[in-house]
Amino acid sequence: MNEPIRENDLIFGPRIPKELWKKEKGRFLLPSIIMVLAAFILFISIFFPYWKLTLFAPQYPDGLQASMYVNRLTGDIQEIDGLNHYIGMKPMGEAAVLERTLSIFMIVGLVLLIAGTIFVHSPFALFLCIPAILYPLFFLGDLYFWMRTFGMNLDSRAALSNAIQPFVPPLLGEGKIAQFLTVASWEIGLYMSIAASILIIIGLYYHRKAYKPLIVGSAPNS
Amino acid sequence: MFIRRVMGFSSLVVLLIAGLFIVSCQNNSANGDKKTGSNNETSSVEQNGNMAAGAEQIAKDRNLSPKDVEAALKTYTPSGIYDDYLMFSSGGHSGQVFVIGVPSMRLLKVIAAFTPEPWQGFGYGSEESAKLLKDGDMKSGTKLRWADTHHPALTETNGEYDGQYLFINDKANARVALIDLRDFETKQIIKTPNIISDHGSTFVTPNSEYVIQSSQYATPLPFQEYATMDEYQEKFRGVMALHKFDREKGRIVAEGSFQMELPPYWQDLCDAGKKVSEGWIFCNSINTELATGGIEQGLPPFEAGVSQRDMDYMHVIDLKKAAEVAKQPGKTKEISGVKVISLETSISEGLLYFIPEPKSPHGVDVAPGGEYLVVAGKLDTHATIYSFDKIQKAIKDKNFEGNDVYGVPILTYNDVVAAQLEIGLGPLHTQFDNEGNAYTSVFIESTLAKWKLGPPYNEGEEAWTLTEKIPVQYNIGHTVCAEGDTTSPDGKYCVALNKWSIDRFTAVGPLLPQNFQLIDVSGEKMQLLYDMPIGIGEPHYVQMIKADKLNPWFVYPEVGFNPGTMSVDPDAAKSGGEKIVRSDGKVEVWMTAIRSHFNPEHITVNQGDEVILHITNVERARDATHGFAIEGYNINLSLEPGEANTVKFIADQPGVFPFYCSEFCSALHLEMMGYLLVEPDNT
Ligand SMILES: [Cu+2]
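Conventions used here
- Chains are numbered independently. Their residues run from 1 in the order of the written sequence.
- Throughout, the order in which chains and ligands are written sets their labels, letters from A for the former and numbers from 1 for the latter.
- Local features in this predicted model are restricted to residues whose pLDDT is 70 or higher, and side-chain atom pairs enter the listing and the counts only when it is 80 or higher, whereas totals over whole chains, interfaces and linings include all residues.
- The side-chain quantities take in all heavy atoms of the structure and omit both hydrogens and water.
- In predicted models, pLDDT denotes the confidence assigned by the predictor to each residue on a 0 to 100 scale.
- Secondary structure elements are taken from DSSP: a helix is a run of H or I of four residues or more, a strand is a run of E of two residues or more, and numbering for both begins at the N terminus.
- In this analysis a donor is any N, O or S atom within 2.8 Å of a metal ion (3.2 Å for sodium, potassium and calcium), and since water is not included, sites may seem incomplete.
- Angle rules define the geometry names used: all angles between 85 and 135 degrees makes four donors tetrahedral, while opposite donors over 155 degrees apart and all other angles between 65 and 115 make four donors square planar and six octahedral, leaving every other case irregular.
- Exposure categories follow from relative accessible area, calculated using a 1.4 Å probe and restricted to protein chains: below 20% of the type maximum is buried, above 50% is exposed, and the middle band is partly exposed.
- Only the stretch in contact is used when fitting a helix axis, every axis being a line fitted to C-alpha atoms; angles between N-to-C directions are given from 0 to 180 degrees.
- In this scheme, roughly parallel covers angles under 35 degrees and roughly antiparallel covers those over 145, while 65 to 115 is roughly perpendicular and the rest are oblique.
- Here, residues are in contact when the closest pair of their heavy atoms is within 4.5 Å.
- Lys, Arg, Asp and Glu make up the charged group, whereas Ala, Val, Leu, Ile, Met, Phe, Trp, Tyr, Cys and Pro make up the nonpolar group; the residues left over, Gly among them, are polar.
- Per the annotation, domain bounds derive from an automatic or database assignment of domains.
- As a working definition, buried area equals the accessible area (1.4 Å probe) given up by two parts on being put together, with both sides summed.
- The working definition used for a salt bridge is a side-chain nitrogen of Lys or Arg within 4 Å of a carboxyl oxygen of Asp or Glu.
- To count as a disulfide, a pair of cysteine sulfur atoms needs to be within 2.5 Å.
- A pair of strands is treated as paired once DSSP finds two or more bridges between them.
- Throughout, the arc means that of the directions going from the helix axis to the C-beta atoms.
- For the purposes of these results, a polar contact is taken to be a pair of N or O atoms within 3.5 Å, where, inside protein, one atom must be able to donate a hydrogen and its partner to accept one; residues adjacent in sequence count only when each atom of the pair is a side-chain atom.

**Q** What is the right way to look at the confidence of the model for chain A in this model?
**A** In low-pLDDT regions, the fine details of the predicted coordinates are not to be read closely. Averaged over chain A, the pLDDT score is 86; the fraction of residues at 70 or greater is 92%. For chain A, helix α1 (residues 9-12) of chain A is the element with the lowest average pLDDT, namely 60, and strand β3 (residues 73-75) of chain A is the one with the highest, namely 93.

Take a look at the structure:
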């Protein structure tokens, strides 16, 4: 308690005094556990689809599906692209190429930042977490951007170009394009990233509870 | 206090995650796979009540008896519901194979086997089919473009259908075709050397090591040799051809294939031994009289000549031993490139025995356990049942009642017969069920007879008794029961494969369809359920396999797949790699097809150029087949999703020839076309 405050303590925050650690282990462990859990959930979300579009039409009794992962598209992409060419839409693989290429590095970065809060016992932890908290919003915003870009820029030379008005497919829920009923759904990966955001916020709350008294207690002017 | 909070919090997390899983799982339950069973989407007590009243009215209006209604209910298969069994039927003169669902009796497909078939693009320009058909041509170059398919044989594993391949013979020209049941397409046609006529084929051994093919109408050996009818006994011969099947390659292979010389007795149907009799082959014969016909010279016609003796000879062949002998140097002679075991060698090595059988028999059918051989013939009212054990004992004890004119030992008839059962007029072919019953077609009296096998299937009084007959319409040839020639028959259904239909269907001119009659054999009494006309050719034998044993592809596994090699074709056109390459006198095009265009759409060539088109259907969707037809050039291909095929022709006609997609593939199908521009050669 009597150690002098060093410059970098503003970033990494105060050490936990030994007696206090022995007495209240849980108080300090809890935010760390929550943050590790959040980082873990966010990380494994890359193995799950984030978003799925299902198309139904009479000649597709089982429907057509496109599942979006952070770094790839799976499902009946060729078939959907084939259908889209009639209305002049570009192949789906041409969308968000940069995002998909960088996504894994980005998420690993977010995970490291979240994990970093374990070693940062000051309010600076909040800044480390902000990108991860906002990440699901960023994903949806980017998705919307590309859907809009594709849906509003149809090739006018396509066979059915004058039968279809430019459109923006919904991010969630049902839509209708020609004979197709489209159902967009959020998938487990996206929910995991949202769960990670919520966990981070809860973790920050306990983080503040754990460390604020230390900072207040050791502030130079107190 | 703290602990409680942690607990509360962690359970919140658990709930949250569980919730996510539930949300994500729900999405998958929407599209359940419907295959068999009834469609019970709309069933409530009230609706059922209404339905019954409505159904009664319909039955009354249509004059249907309660039995009719029952039959309708047993066969009606609603839209989208699949059949329990598939029949693979020989296509008779069509030279093809029919695929028919049971119990719906719906024709699902006609598989092109020996005869050009436009829908499948078989024999209309595709290199793959051109090669297949050429392999089946006469060595002299004469093209064979019809076939008389008789007996399909599904490949077996341990005596049970495995659903992998199907063989079919051509009685008219002694050929065998091999169909791969992954894509239901013919992969191989063999013109069997040395013989020109076969009836006893195709049959497979219990693990499909060999495809059995016996010649029918005897000719000089090899058949291209010339001899006069006076030289019949001396120069004419029958042949047992044993085609080695290489399952890995999915082909009949020359290595290990061999033939056996037989007397010119007109070998007829055969069957491979199974279980206890595995490794043996049994074949009937008709003309042990060595009749040579000659009605125009006042000699007895064949129909009388071959029916003179009361007995003909069942051929009993030790296949296992014969295969060993065929491998030994000096024990075979090579005729037309095939190893042939001579009759003398067969006799001296103990490969061939004869057993007297009532004259002019049709089927020799091996019981499920392999213990019995059932022989029946149109000129005897009995089924004669031989015991494999007794045959083995007679061979071991050299219990011969003599030798035929060629020296083949004849087993003593009385010592190898297990039973004789009076069946009716003209019994022909026998199938089996899972309860020890046999079903024999009875041609002359037009019935299907059900009877009980002896021990171990049925003991005491019950053994070898006729239990029931059901009339069929008319002139039943073969019959087929569900997996009825395997080591584990299913019972349930038999189908009477009738030659004549006379008054069964609305008149369609003097050439009448044949009549397949579905019979329910699961109950106390046999019940006729359904008549299916076959107006494409006269089928002979049929096999019925449980549908779930088949595992066909929905689309070709990869884009650029060559069905001929069953692998990706290195020469296949790829999306983005479309091109036209010209060289002297030759134009080679790599073309793709996708809904709804070909690429390229313009192909300009000079008159007289050789044109080679490599076309790939790059679709991955089920049923997205494209055709490729060039008008005026007699060319049509069928390109199923993923398939790559090649067409070669000489552009000998100048002018502008549209080419188009001949399968209605999409809303813009009409627009899926292009032009072949053949610049006239003005020199
Ligand atoms: Cu087409």
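**Q** Mind showing me how you'd approach the coordination of the copper ion here?
**A** Ideal donor angles around a metal are set by the shape: a four-donor tetrahedron calls for 109.5 degrees, a six-donor octahedron for 90 or 180 degrees. All names here are of chain B. Coordination of the copper ion by the protein comes from H626 (ND1), C661 (SG), C665 (SG) and M672 (SD), over a distance range of 2.1 to 2.6 Å. Classification of the site at the copper ion as tetrahedral follows from its 4 donor atoms and the range of 91 to 127° in their angles at the metal. Between consecutive donors of the copper ion, the numbers of intervening residues give the motif H-x34-C-x3-C-x6-M. Here M672 lies in the loop between β44 (655-660) and β45 (673-679) and C661 lies in the loop between β44 and β45, a separation of 11 residues in the sequence. You can call C661 buried: its relative accessible area is 0%.

**Q** Would you mind showing me how to read the packing of helix α3 (residues 25-44) of chain A against helix α5 (residues 97-116) of chain A here?
**A** When two helices pack together, their arrangement is given by the angle between their axes and by how far apart the axes lie. Residue and element names in this part refer to chain A. α5 packs onto α3 with a crossing angle of 175° between their chain directions and a minimal axis gap of 9 Å. Considered as vectors, α3 and α5 are oriented roughly antiparallel to each other. Here α3 contributes M35, A39, L42 and F43 to the contact with α5, which in turn contributes I107, V108, L110, V111 and I114. Here the residues of the contact of α3 with α5 are counted per class, giving 9 nonpolar, no polar and no charged.

**Q** Mind showing me how you'd approach the domain arrangement of chain B here?
**A** Often, the extent of an interface is quoted as the loss of accessible area on bringing the components together. All names here are of chain B. Per the domain assignment, the segments of chain B are domain 1 (85-114 + 149-547) and domain 2 (561-679). Computed from C-alpha coordinates alone, the two centres of domain 1 and domain 2 are separated by 43 Å. Across the contact, 6 residues belong to domain 1 and 5 residues belong to domain 2. Interface of domain 1 and domain 2: buried area, both sides summed, is about 360 Å²; carbon and sulfur atoms make up 43% of it. In terms of surface lost to domain 2, no three residues of domain 1 exceed E185, K187 and R251, which account for 70% of the buried area on that side. On inspection of domain 1 and its partner domain 2, the count reaches 0 salt bridges.

**Q** Help me out: how do you make sense of the state of the cysteines in this one?
**A** What we call a disulfide is simply a covalent bond connecting the sulfur atoms of a pair of cysteines. All names here are of chain B. Inspection of every chain in the model, using the stated rule, returns 2 disulfides over all chains. Across the disulfide from C270 sits C283; the S-S distance is 2.1 Å. Measuring handedness by torsion sign, the sulfur bridge of C270 and C283 sits at about 100° and is right-handed. Remark: C283 occurs in strand β14 (residues 280-285) and C270 occurs in strand β13 (residues 267-272); sequence separation between them is 13 residues. Disulfide pairing places C481 opposite C494 at an S-S distance of 2.1 Å. Negative torsions about the S-S bond denote left-handed disulfides, and the value of about 100° found for C481 with C494 makes this one right-handed. Within this pair, whereas C481 is found in strand β29 (residues 476-482), its partner C494 is found in strand β30 (residues 491-498), the two being separated by 13 residues in sequence. With respect to class, C481 is no different from C494; both count as buried. Sequence-ordered numbering of the disulfide-bonded cysteines in chain B gives the connectivity 1-2, 3-4.

**Q** Where do I start with the pattern of salt bridges in this structure?
**A** Note on pairing: side chains with opposite charge can pair once their charged atoms come close. Residues and elements named next belong to chain B. According to the stated counting rule, one finds 26 salt bridges over all chains in the structure shown. The closest approach of N and O atoms between E324 and K327, which form a salt bridge, is 3.6 Å. Of this pair, E324 and K327 both sit in helix α7 (residues 319-327), 3 residues apart, roughly one helical turn. A relative accessible area of 44% means that E324 is categorised as partly exposed. K327 sits in the exposed class, given a relative accessible area of 61%.

**Q** How should I be thinking about the sheet that holds strand β19 (residues 361-366) of chain B in this particular structure?
**A** Picture the strands of a sheet paired through backbone hydrogen bonds; they go either parallel or antiparallel. Residues and elements named next belong to chain B. A sheet is described by the order of its strands in space; here 4 strands give the open sequence β19-β20-β21-β24, paired in antiparallel fashion. Because the sheet does not close on itself, it has two edges, and the strands there are β19 and β24 (417-422). Each adjacent strand pair in this sheet contributes to an overall mean axis angle of 20°, direction not counted. With 5 bridges joining them, strand β20 (residues 372-377) and strand β21 (residues 382-387) adopt antiparallel strand pairing. Looking at β21, one finds that V375 is bridged to T384. Here helix α9 (residues 388-396) sits on the sheet and contacts β20, β21 and β24; the angle it forms with β21, its principal contact strand, is near 55°.

**Q** I'm lost on α9(B) in this one. Help?
**A** Residue pairs spaced three or four apart in an α-helix point in one direction, given the helix's 3.6 residues per turn. Residues and elements named next belong to chain B. Within the sequence span of α9, burial applies to F388, I391, A394 and I395. All buried residues of α9 lie within an arc of 120° about the axis, which places them on one face of the element. In α9, the exposed positions angled more than 90 degrees off the buried face are occupied by D389, K393 and K396. Two or three places before D389, at the opening of α9, S387 has a side-chain oxygen 3.3 Å from that residue's backbone nitrogen.

**Q** Would you mind going over unusual backbone geometry with me for this structure?
**A** Trans is the prevailing form of peptide bonds, just as negative phi is the prevailing case for residues other than glycine. Residue and element names in this part refer to chain B. In this structure, the amide linkage connecting S201 to the following residue, T202, adopts the cis form with an omega of 0°. With respect to the secondary-structure elements, T202 resides in strand β8 (residues 198-204). Between N599 and P600 the backbone carries a cis peptide bond, its omega angle lying at 5°. Here P600 lies in the loop between β38 (597-599) and β39 (602-606). Of note in the backbone geometry, W266 takes a positive phi value of approximately 60° without being a glycine. Phi at K398 takes a positive value of approximately 50°, unusual for a residue other than glycine. By secondary structure assignment, the location of K398 is in the loop between α9 and β22 (400-403). The exposure class of K398 is exposed, given its relative accessible area of 61%.

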